[in-house]
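Each chain is listed here by its residues.
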Amino acid sequence: MRIRIAHETLYTYAVPANAVIQTLRLTPRNFSGQHVANWRIDVDQDCRLDAHEDAFGNITHTFSASGPIPAMTIRVDGLVETSDTAGVVRGAIERFPPGLYLRETDLTKADPAIRAYAEERRARAGDGTLSILHALLDDLPADMAYDKDPTHASTTASEAFALKSGVCQDFAHIFIAAARHLGIPARYVGGYFLHADGTIDQEAGHAWAEAYVEDLGWVGFDPANAICPSEQHIRIACGLDYLNAAPVRGSRHGGDGEFLTVKVRVDQAARQVQVQ
């Protein structure tokens, strides 16, 4: 499948910012099932994008700009070719042993409710790691509502689980917290998702989880959609939680009254050609 991405992040400030510095995790890598045909990042400021790799092997770009800055736009345009690997991740850069991904973070801490939920899935599914993970994958979207209103970027797994609602980030954090409690290494993945229902314009990127299964390796689980990642998913960055894979993170001096607008367009490239 050929998937075209257009992602725009717009910052506006009631009081212009004096300076900004940002780190972008917006560039995918090639691995089995994913080939980046072309990719471009543009920032409408007088700055230089410096490319690096972070500790997890994600491609990052850092820039700084001096003000006054009343508004700032970051644009991504790219084309990625994908194929279905049944959720199995092969050929990705691995900087750490799986055991690192048992480490608890503030966003993925398993409280008593999540621990009990995980134990119930294990009791029903048995001792097979893959069976336990699929039980979590099947049950989370049935037991939680997808709702963008009650949660935000800093909402923890336990907070979202108590609300029984959230967005893909929250579903991923809860899945990771439950898996780690059961001794299964798990990590957060950020990227994009081509909806099967024809939805093209989206308000944000997508997020899911990967868990380590002995004799199989890393396997993806998308609990917000109750599926394993397929050719519809574009993998961008991974880490212990959202903060390690956030598409844009940074700081500013000044710039009171910040307002953020995100527009994401995910579509099949072939369909776009036919329309023309």
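Residues numbered from 1 in each chain as written. Predicted model: local features only at pLDDT ≥ 70, side-chain atom pairs only at ≥ 80, totals over all residues. Heavy atoms only, no water.

### What about the side chain of D222?
- Looking at the element boundaries, D222 is found in the loop between β10 (217-221) and β11 (233-239).
- Engagement of the side chain of D222 in a polar contact is seen with the side chain of H206, the distance being 2.8 Å.
- Separated by 2.8 Å, the side chains of D222 and H233 make a polar contact.
- Apart from residues lying up to four places away in sequence, D222 is in contact with L137, H206, A207, W208, I227, P229 and H233. (Helix = DSSP H or I, 4+ residues; strand = E, 2+ residues; numbered from the N terminus. Polar contact = N/O pair within 3.5 Å; in protein donor to acceptor, adjacent residues only side chain to side chain. Contact = heavy atoms within 4.5 Å.)

### Section: the pattern of salt bridges
- Here the structure, examined in full by the defined rule, presents 18 salt bridges.
- A salt bridge links R187 to E94, with the nearest nitrogen and oxygen atoms 2.8 Å apart. Linking R187 in strand β7 (residues 186-193) with E94 in the loop between β4 (59-82) and α1 (112-125), this pair joins segments that are 93 residues apart in sequence.
- Residue class for E94 comes out partly exposed when judged on its relative accessible area of 35%. (Salt bridge = Lys/Arg side-chain N within 4 Å of Asp/Glu carboxyl O. Buried < 20%, exposed > 50% of the residue type's maximum accessible area, 1.4 Å probe, protein only.)

### Section: the pairing of strand β1 (residues 2-27)
- In the sheet, β1 pairs with β4 via 19 bridges, with the strands oriented antiparallel. Across the sheet, I5 pairs through a bridge with G78, a residue of β4.
- In this sheet, strand β13 (residues 258-268) lies alongside β1 in antiparallel orientation, the contact comprising 11 bridges. Pairing of I5 across the sheet is with V266, part of β13. (Pairing = 2+ DSSP bridges.)

### Concerning the layout of surface pockets
- By volume, the largest pocket is sized at about 1300 Å³.
- Along its surface, the largest pocket is lined by 45 residues, and E203, A204, G205, Y242 and V262 are the ones closest to its centre.
- Of the residues belonging to the lining of the largest pocket, the class tally is 22 nonpolar, 16 polar and 7 charged. (1 Å grid on protein atoms, 1.4 Å probe; cavity = no way out; pocket = protein on both sides within 12 Å on 5 of 7 lines; lining within 4 Å. Points joined across faces, edges and corners; volume = space filled by probe spheres on them. Nonpolar A, V, L, I, M, F, W, Y, C, P; charged D, E, K, R; others polar.)

### Observations regarding the nonpolar core
- Ranked by size, the top nonpolar core spans 65 residues in total, and within it V20, L26, W39, I74, L133, F175 and Y192 carry the most contacts.
- With 9 residues, helix α4 (residues 168-181) is the largest single contributor of residues to this core.
- In terms of nonpolar packing, the next biggest core, distinct from the first, is built from 11 residues, L100, Y101, W208 and C238 among them. (Core = buried A, V, L, I, M, F, W, Y, C linked by side-chain atoms within 4.5 Å.)

### Some remarks on the confidence of the model for the protein chain
- The predicted model of the protein chain has a mean per-residue pLDDT of 95, with 98% of residues at 70 or higher.
- Throughout residues 272-276 the model reports pLDDT below 50, and contacts reaching past four residues in sequence, or to other chains, amount to 3 contacts. (pLDDT = per-residue confidence, 0-100.)

### Some points on the packing of aromatic side chains
- Enumeration over the complete set of coordinates arrives at 8 aromatic pairs.
- Summarising the aromatic geometry, the rings of Y188 and Y242 are spaced 6.2 Å apart at their centres and angled 80 degrees between planes, so their arrangement reads as edge-to-face. One end of the pair, Y188, is in strand β7; the other, Y242, is in helix α5 (residues 242-245), and 54 residues separate them in sequence.
- In this structure an aromatic cluster arises from ring pairing among F56, F96, Y101, Y212 and W218.
- Lying across the ring of Y117, R121 places its NZ or CZ 3.8 Å from the centre.
- The ring of Y101 has R187 sitting right over it, with the charged end atom 5.3 Å from the ring centre. (Phe/Tyr/Trp six-rings, centres within 6.5 Å; stacked < 30°, edge-to-face > 60°. Lys NZ or Arg CZ within 6 Å of the ring centre and 35° of its normal.)

### Looking at empty space enclosed by the protein
- All told, the structure shown has 2 cavities of 30 Å³ or more when counted by the stated rule.
- One number sums up the size of the largest cavity: a volume of about 170 Å³.
- F31, T85, P229, S230 and H233 are, among the 17 residues lining the largest cavity, the residues nearest its centre.
- For the lining of the largest cavity, the secondary structure elements donating two or more residues are β9 (206-213) and β11.
- A per-class count over the lining of the largest cavity returns 5 nonpolar, 10 polar and 2 charged.
- Put simply, the second largest cavity is a space of about 110 Å³.
- In terms of lining residues, the second largest cavity is bounded by R29, N30, F31, Q34, F56, G57, N58, A92, I93, R235, I236 and C238.
- No other element matches β11, which puts 3 residues into the lining of the second largest cavity.
- In the lining of the second largest cavity, the residues fall into 6 nonpolar, 4 polar and 2 charged.

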